[in-house]
There are 2 protein chains.
Amino acid sequence: MEVNGGSSKEMPGFLTRVWQGIISIFAMVKSCFRGFFERVWKLGKDDPRRVVHSLKVGLALTLVSLFYFMRPLYDGVGGMAIWAVMTVVVVFEYSVGATLSKGLNRGFATLLAGSLAVGVHELASLSGDKSEPIILGISVFLQATVFTFLRFFPTIKTRYDYGAMIFILTFSLVSVSGYRVDKLLEMAHQRLSTILIGSALCVLVSMLVCPVWAGEDLHNLIAKNLDKLAASVEGVVAENFKEGEGEEEGEINEENPSVLGYKCVLNSKPTEEALANFARWEPAHGPFGFRHPWKQYLKIGMAARYCAYSLEALNACTNSDSQAAQELTQHLKAVCTKVGHVSSDLLLDLSSTVKKMTTSSHTDLLVAQLNIAVQELQLALKILSNPLPVHVSIPDIVLIATVASLTVEISARVEDVAEAVEELSRIAHFKTETAEENKQKAATIKALADSDGPHVAIHVDSL
Amino acid sequence: MEVNGGSSKEMPGFLTRVWQGIISIFAMVKSCFRGFFERVWKLGKDDPRRVVHSLKVGLALTLVSLFYFMRPLYDGVGGMAIWAVMTVVVVFEYSVGATLSKGLNRGFATLLAGSLAVGVHELASLSGDKSEPIILGISVFLQATVFTFLRFFPTIKTRYDYGAMIFILTFSLVSVSGYRVDKLLEMAHQRLSTILIGSALCVLVSMLVCPVWAGEDLHNLIAKNLDKLAASVEGVVAENFKEGEGEEEGEINEENPSVLGYKCVLNSKPTEEALANFARWEPAHGPFGFRHPWKQYLKIGMAARYCAYSLEALNACTNSDSQAAQELTQHLKAVCTKVGHVSSDLLLDLSSTVKKMTTSSHTDLLVAQLNIAVQELQLALKILSNPLPVHVSIPDIVLIATVASLTVEISARVEDVAEAVEELSRIAHFKTETAEENKQKAATIKALADSDGPHVAIHVDSL
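Everything numeric here is computed off the predicted structure, so don't read it as measured data.

### Let's talk about the overall build of chain A
Then, number 1: When helices and strands are tallied, chain A shows 17 helices and two strands.
Then, number 2: Evaluated residue by residue, chain A yields a buried proportion of 50% over its 463 residues.
Then, number 3: Contacts in chain A between residues at least 24 apart in sequence constitute 83% of all its contacts with a sequence separation of at least 6.
Then, number 4: Surface summary for chain A: the accessible area is close to 22,300 Å², and the carbon and sulfur share equals 64%.

Okay, structure coming up:
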């Protein structure tokens with residue numbers, strides 16, 4: 001009885017625990033789902049083109065499925081509709097360039113390898129039943145070895161890697177399956193036509209429904225990176241002259257993410273190279289001609305990256321002790337900040353040149369201003385030391401000298417970026433700014449300059 | 001007659017030209033071929049594993065062709081041998097990790113998508129002949145859209161991208177071809193088994209014949225990068241104190257490529273990440289356990305990269321004017337060079353720790369030496385300015401201050417590398433050095449130190 005009584009007493013407690021367990025599991029599942037959907041939402045919101053791309057893949061696959069669902073289409077490709085479906089899945093990529101690159105690689109490689117394999121198969125079948133599999137086996141081994149090795153060539157790796165793989169695939173499939181299939185030529189022909197249909201469908205959907213151009217993405221990425229650098233150059237230089245402790249400065253850095261924008265530029269190389277590689281496959285679109293100099297964008301990217309390396313070194317200085325030489329710091333603050341400010345303006349101007357594909361009439365002026373600002377900085381250092389205050393020791397000026405020196409270094413690298421952009425504008429025949437745009441821009445630059453506190457006066461007339 | 005005479009005179013000249021043309025074409029073709037074969041030879045010589053990999057692919061493909069050439073094997077897979085061949089071509093990758101990653105992704109995705117597609121197909125066939133293609137079409141559209149979108153998730157993109165693509169492929173193929181094929185379940189089963197056979201063959205050949213482990217490659221790459229940094233740190237710091245003109249220094253830089261070794265480290269991020277990603281799929285091999293902390297290698301790589309950024313900034317100083325303050329430069333040469341030298345020794349020691357997977361007893365000593373060297377540098381700056389020579393102006397000391405400051409910065413970043421290596425050795429349970437190794441190493445370090453000209457004496461006893 002005691003046992004029974006005990007279990008009947010425990011029963012409600014046990015049930016409650018089970019119930020609570022179920023509820024907590026539900027809550028967990030619910031929060032998991034909510035977390036998942038929040039991430040999905042964020043992913044789609046960050047770049048709505050991702051959602052559009054997913055819908056495009058769904059559309060292309062549904063269209064190609066019609067080859068199965070409609071009798072005349074299915075018979076037309078002799079039951080080989082499977083290759084069309086497969087082609088759509090593997091060829092459809094995010095950007096038009098990537099899709100074109102894969103589609104063309106797949107089409108040409110299939111054509112070449114198919115022809116070669118049919119030839120080898122004919123030769124092998126002439127040699128008699130016994131030696132046929134041996135000849136086929138050797139030919140498969142040889143072509144796989146040679147083409148796999150060719151895939152290590154840098155040129156082939158970047159542009160024709162997929163083609164080389166499809167070559168190996170098609171050659172092996174056609175030559176060895178020829179051993180079992182009677183109507184080899186017909187099979188090869190049907191395979192080729194379904195692959196061409198699949199590739200063409202991908203390219204059409206990719207180009208006609210909200211196209212994503214790798215070239216445009218590269219163009220925007222480079223302009224965006226120059227904007228980020230502009231914000232960072234001005235921010236990092238200014239941070240070094242903020243009054244207060246090192247720790248506080250660190251906090252300001254975290255609060256102000258635009259200062260750290262240059263960090264994105266440090267690692268943008270692989271993205272830029274991939275986009276430039278795809279962009280070369282794309283036809284003329286928007287403002288970009290057929291042979292738009294995409295490689296030049298990589299040069300701008302490289303120049304921007306070198307600028308970011310120096311910024312990284314300068315940013316590391318921020319946390320050093322800066323109290324020892326307040327006097328010197330105050331003296332150099334205006335000139336250093338000005339170099340940072342003009343560098344930043346120049347970068348913004350270059351970014352706008354890239355964005356609008358219009359050479360700016362202000363670039364030369366800003367380069368000249370930057371040179372003057374650098375000279376002023378060097379002059380300020382000279383004036384400072386004539387006579388050198390007796391209470392100043394070398395460790396006091398190490399930090400400020402480093403900041404000044406790195407600021408000059410950064411300005412030199414910004415000028416390299418300006419040169420690369422100038423070269424692009426020349427090669428790609430950028431338009432020249434009209435008088436109207438010119439006026440508007442001058443007003444914007446003036447407004448920007450006015451909003452930025454006191455500067456050392458520059459007499460541009462004296463240029 | 002004249003005309004005839006003229007043409008008979010011209011004839012030999014014409015023939016000679018044709019002959020010369022043919023010869024020059026032959027010579028061109030010959031030089032093209034020679035150039036091509038020289039490049040092939042170089043590619044194979046640089047990394048003979050490439051040749052071995054190509055032969056392995058040839059071997060695997062020839063083995064899988066046996067499914068066509070041998071009747072019992074061919075009948076065994078119901079004529080679906082095509083999938084095994086295809087799997088070998090697309091799954092076989094350079095490293096074991098990449099092959100395993102692709103093979104497992106392909107196997108699991110095919111299994112999952114196949115089961116789901118058979119289920120959807122059964123459901124659709126219950127709904128009647130007219131609505132079946134509609135239901136199938138909608139299901140293909142939905143799964144393609146959803147899974148294409150999922151491929152944008154960073155986690156899925158890095159590890160399961162190929163699986164997601166194969167899921168879309170298999171689901172589409174099985175569900176739509178089910179509309180035309182009667183024995184769907186049998187087909188799906190045969191496809192799955194041939195894919196498993198192909199994947200297993202790839203994994204076996206890849207692991208058993210001269211395996212290339214991504215983990216080992218990552219391990220060696222990190223150690224090699226630390227070696228390169230070590231050479232660069234010492235080289236770049238020393239370059240700044242070379243006597244002579246800026247131009248000459250530039251030439252020395254070009255002559256001495258080891259100084260510029262750090263440039264490789266600047267852009268090694270994508271390679272390191274790809275290798276770490278593949279290494280996670282690999283089983284235990286050599287000295288690496290199953291859950292070897294590959295992510296920690298990425299942290300070391302990141303710390304090394306930050307060190308390279310500072311080196312890049314310091315290297316840019318080399319070309320500045322350095323004549324103004326020869327006196328200061330000479331005074332600081334010994335201490336700065338010493339910081340560079342000890343940093344370099346520490347990096348070499350860390351590289352050897354990583355290489356041998358054995359914690360070095362010298363690391364702590366070298367870190368302490370580095371701290372002392374940095375203090376000495378700061379002390380040297382203080383002594384220098386007490387009293388400051390009257391003829392020294394601030395612009396004179398800007399360069400030397402920058403070099404000193406960046407050298408200190410680099411030493412701090414080298415210490416970050418040391419911390420990351422220390423963490424790795426703790427997590428991965430590195431061995432401790434034996435007394436014998438210890439002695440040998442001390443002798444080597446002594447020899448290195450002796451061979452490197454005069455240094456400021458350090459009394460390690462006083463530590």
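### Concerning the relation of the copies chain B and chain A
Comparison of the two chain copies shows a relationship of rotation about an axis with a shift along it.
Then, number 1: Rotating chain B by 180 degrees and moving it 0.0 Å along the rotation axis overlays it on chain A with an RMSD of 0.1 Å. Those values place the two copies in the arrangement expected of a two-fold rotation axis. Within chain B, Thr402(B) has its C-alpha nearest the rotation axis, a separation of 2.2 Å.
Then, number 2: Interface residue correspondence from chain B to chain A reaches 100%, placing this contact among same-surface, isologous pairings.

### So, helix H13 (residues 294-317) of chain A
Then, number 1: An ideal rise of 1.5 Å per residue puts 34 Å on 24 residues; H13(A) measures up with 36 Å between its terminal C-alpha atoms.
Then, number 2: In terms of residue burial, H13(A) counts as a mostly covered element, since 19 of its 24 residues are buried.

### Some words on the nonpolar core
Nonpolar side chains tend toward joint burial in soluble globular proteins.
Then, number 1: One finds Leu226(A), Leu229(A), Leu347(A), Leu226(B) and Leu229(B) to be the most contacted residues of the largest nonpolar core, which totals 132 residues.
Then, number 2: Residues contacting Leu226(B), with those up to four places away along its chain left out, are Ile300(B), Ala304(B), Leu347(B), Leu350(B), Ser351(B), Val354(B), Val417(B) and Val421(B).
Then, number 3: Counting 92 residues, the second-largest nonpolar core is a separate cluster that includes Val57(A), Ala81(B), Met165(B) and Leu169(B).

### A short note on the side chain of Glu282(B)
Residues and elements named next belong to chain B.
Then, number 1: Residue position: glutamate 282 is located in the loop between helix H13 (269-279) and helix H14 (294-317).
Then, number 2: Arginine 49 provides the closest opposite charge to the buried, unpaired glutamate 282, separated from it by 9.4 Å.
Then, number 3: Within the structure, glutamate 282 has its side chain in polar contact with the backbone nitrogen of alanine 214 (distance 2.6 Å).
Then, number 4: In this structure the side chain of glutamate 282 is engaged in a polar contact, spanning 3.1 Å, whose partner is the backbone nitrogen of glycine 215.
Then, number 5: Dropping the residues within four chain positions of it, glutamate 282 is found in contact with Ser95, Val96, Gly97, Leu100, Val212, Trp213, Ala214, Gly215 and Phe290.

### Here's the deal with the pattern of salt bridges
Then, number 1: In this structure the tally under the stated criterion is 28 salt bridges over all chains.
Then, number 2: A salt bridge links Glu312(A) to Lys263(A), with the shortest nitrogen-to-oxygen separation between them at 3.3 Å. Of this pair, Glu312(A) sits in helix H13 while Lys263(A) sits in helix H11 (residues 262-266), and the two are 49 residues apart along the sequence.
Then, number 3: Here Arg151(B) ties to Asp161(B) by a salt bridge, and the two come within 3.0 Å at their closest N and O atoms. With Arg151(B) in the loop between helix H6 (131-150) and helix H7 (154-159) and Asp161(B) in helix H8 (residues 161-177), this residue pair connects regions lying ten residues apart in the sequence.

### Structural notes on the environment of Val421(B)
Residue and element names in this part refer to chain B.
Then, number 1: By the secondary structure assignment, valine 421 is in helix H17 (residues 394-427).
Then, number 2: The spatial distance from the C-alpha of valine 421 to the C-alpha of alanine 303 is 9.7 Å, given a sequence separation of 118 residues.
Then, number 3: Setting aside residues no more than four positions away along its own chain, valine 421 makes contact with Leu226, Ile300, Leu350, Thr353 and Val354.

### Let's talk about the UniProt feature "transmembrane region" (unreviewed entry) in chain A
Then, number 1: In the numbering used here, UniProt assigns the "transmembrane region" (unreviewed entry) feature to residues 18-37, 57-74, 80-100, 134-153, 160-180 and 192-214 of chain A.
Then, number 2: Helix makes up 94% of residues 57-74 of chain A and strand 0%, and the two end C-alpha atoms of the span are 21 Å apart.

### Focus on unusual backbone geometry
Residue and element names in this part refer to chain A.
Then, number 1: Within the chain, histidine 429 stands out as a residue other than glycine whose phi angle is a positive 50 degrees.
Then, number 2: Inspection of the secondary structure assignment puts histidine 429 in the loop between helix H16 (394-427) and strand S2 (431-432).
Then, number 3: We classify histidine 429 as exposed; its relative accessible area is 68%.

### A word on the interface of chain B and chain A
Then, number 1: Contacts between chain B and chain A engage 78 residues on the former and 78 residues on the latter.
Then, number 2: Summing the contributions of chain B and of chain A, the shared interface buries around 7,300 Å²; its carbon and sulfur component is 77%.
Then, number 3: Connecting chain B to chain A are two salt bridges.
Then, number 4: Its salt-bridge partner being Glu312(B), residue Arg413(A) comes within 3.0 Å of it at the nearest N-O pair.
Then, number 5: In this structure, the connection of chain B to chain A is made through eight residue pairs in polar contact (both at pLDDT 80 or more).
Then, number 6: If you tally residues by element for the side of chain B that touches chain A, the top one is helix H2 (residues 49-69) of chain B, at 13 residues.
Then, number 7: Class assignment of the residues belonging to the side of chain B that touches chain A gives a composition of 51 nonpolar, 17 polar and ten charged.

### Some words on the state of the cysteines
Then, number 1: On inspection of all chains with the given rule, the structure shows zero disulfides over all chains.
Then, number 2: In this structure Cys307(B) is not part of a disulfide, and its nearest cysteine sulfur, from Cys264(B), lies 14 Å away.

### Some remarks on the environment of Met302(A)
Then, number 1: The residue Met302(A) is located in helix H13 in this model.
Then, number 2: As a C-alpha pair, Met302(A) and Thr145(A) span 157 residues in sequence and 36 Å in three-dimensional space.

### Some thoughts on the domain arrangement of chain A
All names here are of chain A.
Then, number 1: In terms of domains, chain A is made up of domain 1 (52-208) and domain 2 (214-449).
Then, number 2: Opposite the twelve residues of domain 1 that make contact, domain 2 presents seven residues.
Then, number 3: A per-residue breakdown of the area domain 1 buries against domain 2 is headed by Gly97, Ser101 and Arg159, which together make up 45% of the total.
Then, number 4: Summed over the shared surface of domain 1 and domain 2, the number is zero salt bridges.
Then, number 5: Across the domain 1-domain 2 interface, the total number found is two residue pairs in polar contact (both at pLDDT 80 or more).
Then, number 6: For the side of domain 1 that touches domain 2, the secondary-structure elements that each account for two or more residues are helix H5 (96-126) and helix H7 (154-177).
Then, number 7: The dominant element in the side of domain 1 that touches domain 2, judged by the number of residues it contributes, is H5, at seven residues.
Then, number 8: In terms of residue class, the side of domain 1 that touches domain 2 is made up of six nonpolar, five polar and one charged.

### What to know about the side chain of Thr358(A)
Then, number 1: Among the structural elements, Thr358(A) can be located in strand S1 (residues 358-359).
Then, number 2: Engagement of the side chain of Thr358(A) in a polar contact is seen with the backbone oxygen of Lys356(A), the distance being 2.9 Å.

### Here we look at a nonpolar patch on the surface
Residue and element names in this part refer to chain B.
Then, number 1: A grouping of Leu59, Leu63, Leu66, Met70, Leu73, Leu204, Leu208 and Val209 is seen on the molecular surface, where their side chains present a nonpolar patch of about 650 Å² in accessible area.
Then, number 2: Mapped onto the nonpolar patch, the elements with two or more residues apiece are H2 and helix H9 (184-208).
Then, number 3: When residues of the nonpolar patch are assigned to their parent elements, the largest contribution, three residues, is made by H2.
Then, number 4: For leucine 204, the position within the fold is in helix H9.
Then, number 5: On the basis of relative accessible area, leucine 204 is assigned to the partly exposed category, the value being 48%.

### A word on the packing of aromatic side chains
Then, number 1: The full count for this structure, using the stated rule, is 23 aromatic pairs over all chains.
Then, number 2: For the ring pair Phe36(A) and Phe37(A), a centre distance of 5.4 Å and an interplane angle of 75 degrees mean the geometry is edge-to-face.
Then, number 3: We classify Phe36(A) as partly exposed; its relative accessible area is 35%.
Then, number 4: What makes Phe37(A) partly exposed here is its relative accessible area of 48%.
Then, number 5: Ring plane angle 15 degrees and centroid distance 4.1 Å describe the contact between Phe147(A) and Phe167(A), whose orientation is recorded as stacked. Of this pair, Phe147(A) sits in helix H6 (residues 132-150) while Phe167(A) sits in helix H7, and the two are 20 residues apart along the sequence.
Then, number 6: For Phe147(A), a relative accessible area of 22% corresponds to the partly exposed category.
Then, number 7: Overall, Phe167(A) belongs to the buried group, its relative accessible area being 8%.
Then, number 8: Within the aromatic cluster, the residues linked to one another by ring pairs are Phe33(A), Phe36(A), Phe37(A) and Phe153(B).
Then, number 9: Sitting above the plane of the Trp281(B) ring, Arg159(B) keeps its charged end 5.2 Å from the centroid.
Then, number 10: Positioned above the aromatic ring of Trp83(B) is the side chain of Arg191(B), whose terminal nitrogen or guanidinium carbon lies 3.9 Å from the ring centre.

### A few points about H5(A)
Then, number 1: With 31 residues, H5(A) ought to run about 45 Å at 1.5 Å a step, and its terminal C-alpha atoms sit 45 Å apart, in line with that.
Then, number 2: Gly128(A) occupies a position one or two residues after H5(A) and carries a positive phi of about 105 degrees.

Cut-offs and rules
Residues numbered from 1 in each chain as written. Chains lettered and ligands numbered in written order. Predicted model: local features only at pLDDT ≥ 70, side-chain atom pairs only at ≥ 80, totals over all residues. Heavy atoms only, no water. Helix = DSSP H or I, 4+ residues; strand = E, 2+ residues; numbered from the N terminus. Buried < 20%, exposed > 50% of the residue type's maximum accessible area, 1.4 Å probe, protein only. Contact = heavy atoms within 4.5 Å. Areas by Shrake-Rupley, 256 points an atom, 1.4 Å probe, with all protein chains shown as cover. Least-squares fit on C-alpha atoms with pLDDT ≥ 70 in both. Expected span 1.5 Å × (residues − 1). Core = buried A, V, L, I, M, F, W, Y, C linked by side-chain atoms within 4.5 Å. Lys, Arg positive; Asp, Glu negative; His and termini not counted. Salt bridge = Lys/Arg side-chain N within 4 Å of Asp/Glu carboxyl O. Polar contact = N/O pair within 3.5 Å; in protein donor to acceptor, adjacent residues only side chain to side chain. UniProt positions renumbered as here; feature names shortened; annotations may be inferred. Buried area = accessible area lost by both parts, 1.4 Å probe. Nonpolar A, V, L, I, M, F, W, Y, C, P; charged D, E, K, R; others polar. Disulfide = S-S within 2.5 Å. Domains from an automatic or database assignment. Patch = residues over 30% accessible without salt bridge, like charges linked within 9 Å, V, L, I, M, F, W, Y side chains within 5 Å. Phe/Tyr/Trp six-rings, centres within 6.5 Å; stacked < 30°, edge-to-face > 60°. Lys NZ or Arg CZ within 6 Å of the ring centre and 35° of its normal.

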